[in-house]
Each structure stands twice: as C-alpha cells, then as structure tokens.
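Fold and contact review
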Amino acid sequence: MGLSTGYSPAGSRLVTTPLGAGAGAALRRSPQLLRPRRPPLATVRCSVDTAKQVQDSAATVAAEQKASRKECFGVFTNTYDLKADSKTKSWKKLVNIAVSGAAGMISNHLLFKLASGEVFGQDQPIALKLLGSERSFQALEGVAMELEDSLYPLLREVSIGMDPYEVFEDVDWALLIGAKPRGPGMERAALLDINGQIYADQGKALNAVASRNVKVIVVGNPCNTNALICMKNAPNIPAKNFHALTRLDENRAKCQLALKAGVFYDKVSNMTIWGNHSTTQVPDFLNAKIDGRPAKEVIKDTKWLEEEFTMTVQKRGGVLIQKWGRSSAASTAVSIVDAIRSLVTPTPEGDWFSSGVYTTGNPYGIAEDIVFSMPCRSKGDGDYELATDVLMDDFLWERIKKTEAELLAEKKCVAHLTGEGIAFCDLPEDTMLPGEM
Ligand SMILES: NC(=O)c1ccc[n+]([C@@H]2O[C@H](COP(=O)([O-])OP(=O)(O)OC[C@H]3O[C@@H](n4cnc5c(N)ncnc54)[C@H](O)[C@@H]3O)[C@@H](O)[C@H]2O)c1
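Below, the structure is looked at part by part. For clarity, every value in this text was computed on a predicted model and none was experimentally measured.

What counts and what doesn't
- Residues numbered from 1 in each chain as written.
- Predicted model: local features only at pLDDT ≥ 70, side-chain atom pairs only at ≥ 80, totals over all residues.
- Heavy atoms only, no water.
- Helix = DSSP H or I, 4+ residues; strand = E, 2+ residues; numbered from the N terminus.
- Buried < 20%, exposed > 50% of the residue type's maximum accessible area, 1.4 Å probe, protein only.
- Contact = heavy atoms within 4.5 Å.
- Areas by Shrake-Rupley, 256 points an atom, 1.4 Å probe, with all protein chains shown as cover.
- Phe/Tyr/Trp six-rings, centres within 6.5 Å; stacked < 30°, edge-to-face > 60°.
- Expected span 1.5 Å × (residues − 1).
- Pairing = 2+ DSSP bridges.
- Salt bridge = Lys/Arg side-chain N within 4 Å of Asp/Glu carboxyl O.
- Right-handed = clockwise from strand over helix to strand, strands pointing away.
- Disulfide = S-S within 2.5 Å.

Scanning the protein from N- to C-terminus turns up 16 helices and 16 strands. Counting the 437 residues in the protein, one finds 54% classified as buried. Sequence-distant contacts, at least 24 apart, represent 74% of the contacts inside the protein between residues at least 6 apart. Element-wise, carbon and sulfur atoms account for 55% of the exposed surface of the protein, whose accessible area totals about 18700 Å².

Structure follows, in structure tokens:
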C-alpha cells in the first residue's frame, strides 16, 4: 500500500488557546455560550400523555401540566392518551427527537418527513424538540406553526427553545444541523472554531440531560470534526452513538455510478464514502457493486472512475449551488432520513452504508480517535458494526491517507474544544466542503 504526501503544508494557520484562556477565546464565544449554566431542569414534558397521569401522583401531574403550558407550543399543550382509542392503542412508546438548526433550510424538509412517519414508521409517535439560535427564534415559531397546521397524527409534542440543556432533555435522537455558514473570506480554521464551540456546548448538554443511549447525527459542518468535538464533550454517552452525516455523498456516488452503468440507482450497493465530508472524501469504486457485480467489472473505464467519478462526487454540492443559487437542503434531508433508517432497520444481506463514526478499534488501519466515514452494518437496533469484508488497493489507500491527514489536522485545530490542550491549526490545504464554491 502506498502513502500519499502530495500536498503542500502551507494552508491556513491559527493558534487557539483552551476555552477561557485569553482574549481570543472570549472573542470566539457568543454571549449565549458565556451565560452561566444552570443545572438540568426537572423533567418537563411538552404535552401530557394522560396514560402517564394514572401512574403519577396528582401533585406531580399538576406541576407537570403547569410547566408544560409554559414549555410546549400551541396545540401541543393539549393532553392526549395514546392508549385511549383503538387507533393509537397499539402504537409504540413516544420517541423524543431533538433537531438543532430547526429553522434552517435542511430542517424545513426534514421535520415534515419525521412527523409524517416515513422515518420511524406509522406506529411510532414522536415528540419534536426544536433548537434554534437567538436570531432564528421567530422563524422557529413559524416552523412550529406549520407543524401544528399539518395535523400529523403521529406528532404528539412540539417544543421550541434556545437552550440545549432544556431542549435535549431525555432525547432519544439528536439531529444536529444548526451551524454558522462559512462567510466570505473566512478560513476553514475559523469555521472549525466557530462551529466547534457550538458542538462542544451541545455535547455537554447531551451529556447532562439526554437519554443515556441517545443517537447523535451531526450534519452541521465541518461535520466530522464537529461530531468528534460533540462526542468528546459527552463522555457519559457511548462514543459509538455519534455519527457525522456522509450519506448524502454516498447517495450522490450511487447516482453517478448508476448513470454511467445505465442502470437504475437501486442496483448500486456497497457504496462507501471514506473519510471527511469535504472535497478530500473518497468515493470507493473498488468495493461498490452494480447489480451484485464489482463496479469495476461493469464500468471498465478506469480513468473515468479514478478521475471524473471521484471529482464529480466530491464537487457535486458546489455545482448544485452554482445552478440553483443555494445549497442542497432537500436531498440532505432525504439523506438524514436514510441515515436514520439504516440504523433502525436491518442492513440488507451483504450490503452496507456509509457513516462518519469513531475510528477507535477500526479494522482498516485508519488513525484512531477521529470521526471518519466508513462502511457500517446494522441489525436495526440503532447500533452498527464496521464491515470487515472490504478490499483495499494502493489507489484507495493513498486517498484514504489524504483525507485522514486532513481530519488529523482538523483535530489539532480544535484541541481546545476536545480537552486535549492548546490548539494549533496548520491545515494541509484549505479544502472546501462539498457545498462550497
Ligand atoms: N453533512 C452534510 O452532508 C451536509 C449537507 C448539507 C449541508 N450541511 C451543513 O448543514 C448545516 C445547516 O445547513 P442549512 O442549509 O440548514 O443552513 P441554514 O443556514 O439554512 O440553517 C442553519 C440554522 O442553524 C441555526 N443555528 C445557528 N447556530 C445555532 C446554534 N448554536 N444552535 C441552534 N441553531 C443554530 C441558524 O439560525 C439557522 O436557522 C450547515 O453547516 C451546512 O454546511 C451538511
């Protein structure tokens, strides 16, 4: 296997001190993050399931109802009883789902898919806990109003808030989409720092108040390193529960292979995206299959696979922005749905899916202690195992090393946020996110 060192060590440099140390740190932290943390609240349910009232003491229920009037949104303050009528009697226990960046473009598609039942199933009632920023709070109310007006039977509770310690209370899923966009002229190092702060804060909140088995999918960019930061700040939640979304890249890669092979895209399987959700990502055509056969056997044009296919997938998001003037939101929401469904339904025999997961203990020889997209399989219980039946060759390994180097460099940039000391940012090159120009 060969190693790649084919890039210049120039790139952006930024030295960052640990949180709270020096003026640089103060500048980076928004007033919201500087706010003193209050201890976790007692459980406040947005609405009250009357079946629960029977079990609880009258005083607790009265207090809970009073609190719920304050905390929940609109029509969702009303009580309900899942066990009371024949339709809902057989439904499963409520699942609590937190969505950050809930007033953003991706969420605008995702929330309605979650509420419709297409993600968790038609017998799975859900509660949506929407986290926004101060700037987006009014918009968040608008989103909640639209959810009210959609009359989704499975949507039992909606609450909105700006404090992750309140919003993440008891959540089973945390879909972390909220992030600041990279502004004009902003270095990738600065983006890592700004959004890293958000994910450090949200990791701490999850650690304090979420379900101990919460599954976390980080979408906000740079999502691999944000997921690492979030995970490191949540030591009481299993590291395996944290994912960075690379499913959109997998879907894009499947589409390109199908197009070239002249088949419908459901014929493409075993599509791995290795590494970072950036333009160093590696869409793996060595292991991919088309109609059950190795993709390289079906598509004999190796030059196309190595050059055009790889680049098209890496830069698809940028091209889309060029055409449409905004970044992919609907297909990202679809890919979040795919990512969740891949964890809650068994992976089809022999296939796998890509997810950015913690590398410690990986069987491939990828550096430990980073979040790296790799091939995963699930039994449908929310957990996953890494696929071991994968092929590796020099071409693939060289590219894996390059995306690995980028993630190791990103990790050094955020050492102040992962509890690993003083950060030093010396990125190999200022690579783009797939959606950037
Ligand atoms: N991983 C992927 O495949 C993928 C694909 C597309 C986009 N993304 C990333 O997803 C993120 C969101 O994209 P979008 O198009 O929805 O952006 P958007 O700007 O429309 O929405 C982001 C929302 O997050 C909110 N926000 C900012 N800081 C917050 C905080 N601390 N807590 C809660 N909310 C906060 C903003 O107010 C805004 O409403 C971006 O970082 C984008 O780069 C990732």
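Glancing now at the packing of aromatic side chains. In total, this model carries 7 aromatic pairs according to the counting rule given. Ring plane angle 65° and centroid distance 5.6 Å describe the contact between Phe120 and Trp173, whose orientation is recorded as edge-to-face. Taken together, the residues Phe120 in the loop between helix H6 (105-116) and strand S3 (126-131) and Trp173 in strand S5 (residues 173-176) connect sequence positions 53 residues apart. Side by side, Phe120 and Trp173 carry an identical accessibility label, which is buried. Look at Trp304 and Phe309: their rings are 5.6 Å apart centre to centre, the planes differ by 35°, and that puts the pair in the tilted class. No difference in accessibility class separates Trp304 from Phe309, as the two residues are buried.

With that settled, consider helix H15 (residues 394-413). The end-to-end C-alpha separation of H15 is 29 Å, in line with the 28 Å expected for 20 residues at 1.5 Å each. Within H15, 14 of the 20 residues are buried, which leaves the element mostly enclosed by the surrounding structure.

A few words now on the sheet that holds strand S12 (residues 293-294). The 3 strands are arranged S8-S11-S12 in an open sheet whose pairing can be described as antiparallel. The outermost strands of the open sheet, each flanked by one partner alone, are strand S8 (268-269) and S12. Inspection of the sheet shows strand S11 (residues 289-290) paired to S12 by 2 bridges, in the antiparallel sense. Bridge assignment links Ile290 to a residue of S12, and that residue is Arg293.

Another aspect to go through is the side chain of Thr88. Tracing the chain through its elements places Thr88 in helix H5 (residues 86-89). Here Thr88 falls in the buried class, since its relative accessible area comes to 4%. Sequence-distant contacts of Thr88, that is, excluding residues within four places in its chain, are made with Asp81, Leu82, Lys83 and Arg156.

Evaluated as defined, the whole model comprises 16 salt bridges. Across the pair Lys240 and Asp383 runs a salt bridge, and its minimum N-O distance is 3.3 Å. Highlighted residues: Lys240 in the loop between helix H10 (223-232) and strand S7 (242-244) and Asp383 in the loop between strand S14 (371-377) and strand S15 (385-386), separated in sequence by 143 residues. For Lys240, a relative accessible area of 30% gives the class partly exposed. Classification of Asp383 by relative accessible area gives partly exposed; the value is 29%. A salt bridge links Glu385 to Lys240, with the shortest nitrogen-to-oxygen separation between them at 3.3 Å. One end of the pair, Glu385, is in strand S15; the other, Lys240, is in the loop between H10 and S7, with 145 residues separating them in the sequence. Taking relative accessible area as the criterion, Glu385 reaches 47% and is therefore assigned partly exposed. Look at the salt bridges and you will find they share partners, linking Lys232, Asp369, Lys411 and Glu420 into a network.

Here strand S6 (residues 215-218) shows no split at all, with Lys215 and Ile217 on one side and Val216 and Val218 on the other all buried. Relative to S6, S5 runs parallel, the two being bridged by 4 bridges. Across the sheet, the residue bridging to Leu175 is Ile217, located in S6. Once the chain exits S5 it traverses helix H9 (residues 188-209) before rejoining the sheet at S6, and the crossover so formed is right-handed. Relative to S7, S6 runs parallel, the two sharing 3 bridges. What sits directly across from Val218, in S7, is Ala244. Read from S6 through H10 to S7, the crossover connection turns out right-handed.

Here we come to the state of the cysteines. Applying the stated criterion across every chain yields a total of 1 disulfide. Across the disulfide from Cys413 sits Cys425; the S-S distance is 1.9 Å. Because the sign of the S-S torsion sets the handedness, a value of about 80° for the bond joining Cys413 and Cys425 places this disulfide among the right-handed ones. Taken together, the positions of Cys413 in helix H15 and Cys425 in strand S16 (residues 423-426) put the pair 12 residues apart, joining distant regions of the chain.

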